[in-house]
Amino acid sequence: MKRLLIAIAALTIGFSANAWAALPATLNGQQLPTLAPLVKEVSPAVVNIQVRGTTTSQRRNRRDPFREFFGTPNAPTERQTRSAGSGVIVDADNGYILTNHHVIANADQIDITLQDGRQISAEVVGSDEGTDVAVLKVTEKDLKDISLGDSDATEVGDFVIAIGNPFGLEHTVTSGIVSALGRSGIGSGYEDFIQTDASINPGNSGGALVNLAGELVGINSAIISGSGGNVGIGFAIPSNMAQAIMRQILEFGEVRRGLLGVSIDTVNASAAEALGLKNVTGALIQSVNPGSAAERAGIEVNDIITAVNGEKVDSASELRNAIGLLRSGETVAITALRDGSAREFTATLDELGMNSIANAAQIHPGLAGAVFNNADGNEGVIASEVAEGSPAHRQGLRAGDSIVSVNRQRVSTVEDLNNMSSSFATSLLFVEIERNGRRLLLKFTP
């Protein structure tokens, strides 16, 4: 028993020379490992978030013969909602708090409870659905923030703790390890999740994932569970991604996401073999949008992008993240293979802009993973991005597709799609598209 305790203590100390996880307790003269000093240090930076909001929905459950006879549409209904989550104070001087977009979506009122019991109101500085990151601001003094860590330095096997408010149980602490890195395909946004087996449950969303040096390395965001509770697989947004989004929100009040303008697919081992390549991974260019940043840079169909700004790209999702987390107008260096030879390109990214829908799930669940933009200089709507493996991708939509009509209603602008959304949000969707000069009809299920 003594040898086991000594081994555990040595292991705990070895993972972080500067760790807050000191070992003050002893048993029979042997020190015992404890995370208590670490927890005491960082817990004041984690807050409870209570949200009150209003959602609008279309009545679909009951038929009203009187309304139908006179052609009167079912009126939308409003209902009050309450939800809870967590947040992390990252700038005590300015009162900035990081949390998840889905925690504060549709919020009319946001109340924050600090660890010492103080209750204060917060306002939304900005929010990004694509990465599920939101920034709140409070005006309270004497706040305690947490140091931001470098999530790129996180490795599989690192010990971490998760702090949040699961099921309304304030300031709950769980521990575990980093199980995997770079996880994607969990939802339909820009994903590069840290996977952990530290228990994460409903209410933990927006809370802190902390390393043994007391640094924030992730914002807890999602779980995989058949029951709604923890099954040992949780996901956190890397702190570096959250910081990049926060900087744009604080500077612009929104995220001005870069756009390369290509349709892509992953080059894995089987795809590389089919293409006659060896030991090659990356993102295969399937189409290049006319007038796009990619076309201006000289990128062509069949090119395989292998790096962005010197950082290796192994898949379509990695390229999508790399570009989508950069600002519009930013100049990027792109490395690509063409006919087996490496080439360098310089691209100045376009902007998705205000006339776009960054996450089409708000229109229809079957379109989740697509990004729609107004066609440049022409009437029409373009699917400028379609995430690989997303519902939209699985049901046949591809980047570069031009939307002609939806359920036989002509579509000319992104605004048209938004205006139609309430009428077919839970129904079958028949989307007529134009691809390479041909018309196709795609069916999307909720």
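Everything below is about the structure shown above.
Note that this is a predicted model, so its numbers are computed, not measured.

### Things to note about a negative patch on the surface
Negative charge collects at one region of the surface, where Asp150, Asp152, Asp192, Glu311 and Glu318 lie side by side. Along the chain, aspartate 192 turns up in the loop between strand E11 (172-183) and strand E12 (193-196). Residue aspartate 192 is classed as partly exposed on the basis of its relative accessible area, which comes to 35%.

### Section: the side chain of serine 221
Along the chain, serine 221 falls in strand E14 (residues 215-223). Since its relative accessible area comes to 7%, serine 221 is described here as buried. In terms of polar contacts, serine 221 uses its side chain to reach the side chain of aspartate 132, at 3.0 Å. Ignoring any residue separated from it by four or fewer positions in sequence, one finds serine 221 in contact with Asn100, His102, Asp132, Phe193, Ser205, Phe235, Ala236 and Ile237.

### Some details on the nonpolar core
If you look at soluble globular proteins, the nonpolar side chains tend to sit buried side by side. Ranked by size, the top nonpolar core spans 46 residues in total, and within it Ile49 and Ile112 carry the most contacts. Residues contacting isoleucine 112, with those up to four places away along its chain left out, are Val47, Asn48, Ile49, Ile97, Arg118, Gln119, Ile120, Ala122, Leu136 and Val138. Val262, Ile264, Ala283 and Leu349 belong to the second-largest nonpolar core, a separate cluster that totals 23 residues.

### Points about the side chain of asparagine 165
Structurally, the position occupied by asparagine 165 is in the loop between strand E10 (159-164) and E11. Within the structure, the side chain of asparagine 165 is placed 3.0 Å from the side chain of serine 86, a separation counted as a polar contact.

### Quick notes on the environment of threonine 54
By the secondary structure assignment, threonine 54 is in strand E3 (residues 46-58). With a relative accessible area of 22%, threonine 54 lands in the partly exposed category. Residues threonine 54 and glutamine 109 lie 55 residues apart in sequence; the distance between their C-alpha atoms is 9.9 Å.

### Overview of the packing of aromatic side chains
Taken as a whole and judged by the stated rule, the model has 1 aromatic pair. Ring geometry for phenylalanine 193 and phenylalanine 235: centres 5.7 Å apart, planes at 45 degrees, overall tilted. Residue phenylalanine 193 is found in strand E12, and its partner phenylalanine 235 is found in strand E15 (residues 234-238); the two are separated by 42 residues along the sequence. Overall, phenylalanine 193 belongs to the buried group, its relative accessible area being 8%. According to the relative accessible area criterion, phenylalanine 235 is buried, its value standing at 2%. The ring centre of tyrosine 96 lies 4.9 Å from the NZ or CZ of lysine 137, which sits over that ring.

### Regarding the pairing of strand E6 (residues 107-113)
Alignment of E6 against strand E7 (residues 119-128), held across 4 bridges, turns out to be antiparallel. Note that in E7 the partner of threonine 113 across the bridge is glutamine 119.

### A closer look at a nonpolar patch on the surface
A contiguous nonpolar surface patch, about 280 Å² in accessible area, is contributed by Leu428, Phe430 and Leu441. Positionally, leucine 428 belongs in the loop between helix H10 (414-424) and strand E29 (429-435).

Here is what the cut-offs are and how they apply
- Residues numbered from 1 in each chain as written.
- Predicted model: local features only at pLDDT ≥ 70, side-chain atom pairs only at ≥ 80, totals over all residues.
- Heavy atoms only, no water.
- Patch = residues over 30% accessible without salt bridge, like charges linked within 9 Å, V, L, I, M, F, W, Y side chains within 5 Å.
- Areas by Shrake-Rupley, 256 points an atom, 1.4 Å probe, with all protein chains shown as cover.
- Salt bridge = Lys/Arg side-chain N within 4 Å of Asp/Glu carboxyl O.
- Lys, Arg positive; Asp, Glu negative; His and termini not counted.
- Charge placed at Lys NZ, Arg CZ, Asp CG, Glu CD.
- Helix = DSSP H or I, 4+ residues; strand = E, 2+ residues; numbered from the N terminus.
- Buried < 20%, exposed > 50% of the residue type's maximum accessible area, 1.4 Å probe, protein only.
- Polar contact = N/O pair within 3.5 Å; in protein donor to acceptor, adjacent residues only side chain to side chain.
- Contact = heavy atoms within 4.5 Å.
- Core = buried A, V, L, I, M, F, W, Y, C linked by side-chain atoms within 4.5 Å.
- Phe/Tyr/Trp six-rings, centres within 6.5 Å; stacked < 30°, edge-to-face > 60°.
- Lys NZ or Arg CZ within 6 Å of the ring centre and 35° of its normal.
- Pairing = 2+ DSSP bridges.

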